[in-house]
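Survey of secondary and tertiary structure
Given next are the chains, with one letter for each unit.
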Amino acid sequence: MDSVTEFILLGLTQDPVKQKAVFGVFLIFYLATLLGNFLIVVTIKTSRTLGTPMYFFLFYLSFADTCFSTTTAPRLIVDALSHKKTISYNECMIQVFTFHFFGCMEILVLILMALDRYVAICKPLRYTTIMNRQVCSVLVILVWVASCIHSLAQIFLTLRLPFCGPNVIDHYFCDLQPLLKLACMDTYVTNLLLVSNSGTICTVSFIILLTSYVVILYSLRNHSAEGRRKALSTCTSHFIVVVLFFGPCIFIYTRPPATFPIDKMVAVFYTIGTPLLNPLIYTLRNMEVKKAMKKLCTNKYTSLIQRGWH
């Protein structure tokens, strides 16, 4: 039997009219994701007031969001208008690796942000000592290493799958779950390894994050009304992001080997929806980021006006 050299992605829909709608809607979503996250990255890099660890981690969350969305959105947009929706075997493997790399990075950065809030609220006097720049840099390096290990494990599982017959993937990107359906072998053990890797990362991380927020909320009773309000505002933003991202992830990666029609819409939510919403959630609920963005835009506008005069 010949090995499969390319796959056909069915995308979100095969209706030509709906495909045009998919192209328009998701192009706007993707451009908004790039703009929102780019604004956060530039604002944090250029602002002197956003030098705390929380914004250091937010910078990496926006970076991860941009890359995570870029692993799936461009192909979904291009395929919506193309007649030949094929992806080569090598491109498919690269997509599996990058998708899991940046997805894992996002999960681990969210944990670092929760850790930062825990130290800031529960151990305020030791905060600057514990969360110094050196510690934060080491934590981010560990995130990169852990993401790489997770992705290598995923790609190792994928590369072991033999494909010798059907090559039609009922999805808009390559991932292990839809690929398992096409493999010419018993995939029970592979699925168990998938659940123990991606599923465990999602579930354990979600439990850690929920526990950290419960501890933070419990410790807030000793703070002043103003301190409580500010801490609750920040933690609520983080909690919304966590629920939006982990809900769909747990649904996809912690179950027996089966695919459901709703899977594609659930995947849209965390691959395109979450990276789009994160910048909105963090900027609309955060006065410091809003002020820094306003200052950045004002400075750019002023410099452009001055250049115009000269």
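Just above sits the structure.
The paragraphs below set out a description of the structure included in this document. (Residues numbered from 1 in each chain as written. Predicted model: local features only at pLDDT ≥ 70, side-chain atom pairs only at ≥ 80, totals over all residues. Heavy atoms only, no water.)

1. Regarding the overall build of the protein
- The helix and strand inventory of the protein stands at 11 helices and 3 strands.
- If you list the helices and strands of the protein from N to C, you get β-α-α-α-β-α-α-α-β-α-α-α-α-α.
- At 21 Å, the protein has a C-alpha radius of gyration in line with the 19 Å of a compact globule built from 310 residues.
- With the C-alpha coordinates of the protein rotated into their principal frame, the extents come out at 70 × 55 × 30 Å.
- When burial is assessed residue by residue, the protein has 48% of its 310 residues classed as buried.
- The long-range fraction of contacts in the protein, counting pairs at least 24 apart against all pairs at least 6 apart in sequence, stands at 79%.
- For the protein, the distance from the average site of its 26 positive side-chain charges to the average site of its 14 negative ones is 16 Å. (Helix = DSSP H or I, 4+ residues; strand = E, 2+ residues; numbered from the N terminus. Rg over C-alpha atoms; globule rule 2.2 N^0.38 Å. Buried < 20%, exposed > 50% of the residue type's maximum accessible area, 1.4 Å probe, protein only. Contact = heavy atoms within 4.5 Å. Lys, Arg positive; Asp, Glu negative; His and termini not counted. Charge placed at Lys NZ, Arg CZ, Asp CG, Glu CD.)

2. Brief notes about the packing of aromatic side chains
- Scanning the entire structure with this criterion turns up 22 aromatic pairs.
- Between Phe 68 and Tyr 270, the aromatic rings sit 6.5 Å apart at their centres with planes inclined by 25°, giving stacked as the arrangement. One end of the pair, Phe 68, is in helix H2 (residues 53-70); the other, Tyr 270, is in helix H10 (residues 263-284), and 202 residues separate them in sequence.
- Residue classification places Tyr 270 among the buried residues on the basis of a relative accessible area of 1%.
- The structure contains a cluster of three or more aromatic residues connected by ring pairs, namely Phe 68, Phe 99, Tyr 172, Phe 173, Phe 206, Phe 245, Phe 246 and Tyr 270.
- Positioned above the aromatic ring of Phe 59 is the side chain of Lys 45, whose terminal nitrogen or guanidinium carbon lies 5.1 Å from the ring centre. (Phe/Tyr/Trp six-rings, centres within 6.5 Å; stacked < 30°, edge-to-face > 60°. Lys NZ or Arg CZ within 6 Å of the ring centre and 35° of its normal.)

3. Describing the pairing of strand E1 (residues 6-9)
- On E1, burial follows the alternation: Phe 7 and Leu 9 on one face are buried, whereas Glu 6 and Ile 8 on the facing-out side are not.
- As defined by bridge partners, E1 adjoins strand E2 (residues 86-88) across 3 bridges and the pair is classed as antiparallel. Its bridge partner being in E2, Glu 6 is matched across the sheet by Ser 88.
- Note that E1 and strand E3 (residues 168-169) share 2 bridges and pair parallel. Bridging from a neighbouring strand, Leu 9 pairs with Ile 169 of E3. (Pairing = 2+ DSSP bridges.)

4. Thoughts on the pattern of salt bridges
- Under the criterion given, the structure shown has 4 salt bridges.
- Among the salt bridges present, the one from Asp 116 reaches Arg 117, with a minimum N-O distance of 2.9 Å. Exposure class is identical for Asp 116 and Arg 117. Each is buried.
- Through salt bridges that share partners, Arg 75, Asp 79 and Glu 91 make up one connected network. (Salt bridge = Lys/Arg side-chain N within 4 Å of Asp/Glu carboxyl O.)

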